[in-house]
Amino acid sequence: MRSFSVITMFLASTLMLHAQSFKVEVSTGTTADGQTLVMKPSNHAQLPSLSEAVVKKGKCVLKGKLPANDTVCVELSVKDTYGYTNIVIAPGDELKASCQLEMSGKGRNDVPIYHFKDFKVENSPLTEKFQSILLDYNRLRDQFSQRRQKISKYSQAVLDEVTKANKENNLRRVGELYKTPDYRVYALADSVYYRDFTNQSQQLLLKHGDGCWGPMMMVRFYNFLTPKERLVFDQFSDQAKNSYHGQLAAAELYPGGQAGQMARPFTITDSQGKKISLSEFRKGKKYLLLDFWASWCVPCRREIPNVKKQYELYKDKGFEVVSISIDKDANAWKKALDQEKLPWPNFLDNGEVADIYNVKAIPAMFLMDANGKLIATGEDARGQKLAAKLAELLK
């Protein structure tokens, strides 16, 4: 179970203002009697359930409000178990679904796994289209899976040796095996496999990138989204990006927001107990760099000399930096401050500000203007890109 982030709850509560009703009658077979079916939006974050209902005499009715006045893909599952199936619902839909709900085994910690056998939804062209796109993806995945099996088969001997050396914690032997011709051939073939599969799955997403389907299927295809998927998302239409699933994908791809959006306001408490808001930090400044870091984060500390250099170049031209540490150990944070001697405002976060900016990994940096409009985020606000952007802005 993953806890809600502040930004996820904010997004969910905002979209709920435009909620529309739905109703889905599900026939499961009497073997499922007593089980509670749950319906929730399909997304990588743990969003609130939209409806729950207990199966009685092989049937139950799930009804409630969709989280947006938009087409939404939902996951139907048995409460507190593994396994689910999808339905795509539009505002006002009243649907009928049927399946044979079967427990197919047990997963981690002996949690049951349920299978929705022969799942069908009557008169739902949206669900049919979803299933059609998913079928295309599964065919592509199976095709490449067979290709990868052939690669592994031809390289099985060296892979077995690598596995054995790893089990024995023989790192020297692992290093030697990595340098062998057999392993190099395998590594090259495997990298080509991943490249080709990635390219073709991305093309499938872009084929459906003009409506809600691109971001909806992106969430379904991937277990989580990384900055690499931004290349595809950025090519979606505005309609796709502004769709319900488009907004959820954007929140994951661009934690804290993206260039052109407004920075999220916050208030933080300094070591003297004084509360300071983001708007106060921006007063009298032209540009502000918000930097999330920690004493234990090696990449964060490697970036510090670059930020110091930019600060010295532009502090008298209206450039400010505010660093917020997510350290859990206050002493470690103070020790790092003594070592780094950061000449700008520094704060230890209790988690609230990092949650507002949906910080999942550090360093996380956000460059904004005097009005709080984001100019660059993530890698675009670090290293040479930060230097180039500041040189452009503060000539």
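Residues numbered from 1 in each chain as written. Predicted model: local features only at pLDDT ≥ 70, side-chain atom pairs only at ≥ 80, totals over all residues. Heavy atoms only, no water.

A. Geometry of the overall build of the protein chain. Each helix and strand counted, the protein chain has 14 helices and 15 strands in total. By its C-alpha atoms, the protein chain is 70 × 60 × 40 Å across when sized along the principal axes. Relative to its full complement of 395 residues, the protein chain shows a buried share of 47%. Look at the contacts in the protein chain between residues 6 or more apart in sequence, and 65% of them connect residues 24 or more apart. Taken as a whole, the protein chain presents about 21500 Å² of accessible surface, with 49% of it coming from carbon and sulfur. (Helix = DSSP H or I, 4+ residues; strand = E, 2+ residues; numbered from the N terminus. Buried < 20%, exposed > 50% of the residue type's maximum accessible area, 1.4 Å probe, protein only. Contact = heavy atoms within 4.5 Å. Areas by Shrake-Rupley, 256 points an atom, 1.4 Å probe, with all protein chains shown as cover.)

B. Fine view of helix 12 (residues 330-340). Within the sequence span of helix 12, burial applies to Trp333, Ala336, Leu337 and Glu340. Buried residues in helix 12, looked at end-on, bunch into an arc of 105°, giving them a common side. When the buried face of helix 12 is taken as reference, the exposed residues oriented beyond 90 degrees from it are Asn331, Lys335 and Asp338. Lining the buried residues of helix 12 we find strand 11 (287-293), helix 11 (298-314), strand 12 (319-325) and strand 13 (346-348). Measuring from the backbone nitrogen of Asn331 back to the side-chain oxygen at the start of helix 12 gives 2.9 Å, which picks out Asp329 as the cap. Within two residues after helix 12, Lys341 carries a phi angle of roughly 50°, on the positive side. (Arc of directions from axis to C-beta. Polar contact = N/O pair within 3.5 Å; in protein donor to acceptor, adjacent residues only side chain to side chain.)

C. The arrangement of the nonpolar core in detail. Among the nonpolar cores identified, the biggest contains 45 residues, and Phe266, Leu289, Leu290, Phe292, Phe319, Tyr357 and Leu367 are the most heavily contacted of them. Per element, the largest residue contribution to this core is 6 residues, and it comes from strand 11. (Core = buried A, V, L, I, M, F, W, Y, C linked by side-chain atoms within 4.5 Å.)

D. Quick peek at the pairing of strand 2 (residues 36-41). With 5 of 6 residues buried, strand 2 is to be regarded as a mostly interior element. As paired elements, strand 2 and strand 3 (residues 51-54) share 4 bridges and run antiparallel to each other. Its bridge partner being in strand 3, Met39 is matched across the sheet by Ser51. Here 5 bridges tie strand 2 to strand 5 (residues 72-78), and the two strands are oriented antiparallel to one another. Its bridge partner lying in strand 5, Met39 is registered against Leu76. (Pairing = 2+ DSSP bridges.)

E. Looking closely at the packing of helix 6 (residues 213-221) against helix 9 (residues 244-253). Contact geometry for helix 6 and helix 9: axes closest at 8 Å, N-to-C directions at 55°. Our classification of the angle between helix 6 and helix 9 gives oblique. The way helix 6 lies across helix 9 gives a crossing that is left-handed. Listed contacts from helix 9 to Pro215, Met216 and Met218 of helix 6 are His245, Gly246, Ala249 and Leu253. A class-by-class count of the residues in the contact of helix 6 with helix 9 yields 5 nonpolar, 2 polar and no charged. (Axes fitted to C-alpha atoms, helices over the stretch in contact; angles between N-to-C directions. Parallel < 35°, antiparallel > 145°, perpendicular 65-115°, else oblique. Left-handed = near helix turned anticlockwise from the far one by under 90°. Nonpolar A, V, L, I, M, F, W, Y, C, P; charged D, E, K, R; others polar.)

F. Inspection of the side chain of Asp349 at higher detail. Along the chain, Asp349 turns up in the loop between strand 13 and helix 13 (352-356). Salt bridges are absent for the buried Asp349, whose nearest opposite-charge side chain, Lys328, sits at 7.8 Å. Here Val353 takes part through its backbone nitrogen, which lies 3.3 Å from a polar atom of the side chain of Asp349. When sequence neighbours within four positions are dropped, the list of residues in contact with Asp349 reads Ile324, Ser325, Asp327 and Ala354. (Lys, Arg positive; Asp, Glu negative; His and termini not counted. Salt bridge = Lys/Arg side-chain N within 4 Å of Asp/Glu carboxyl O.)

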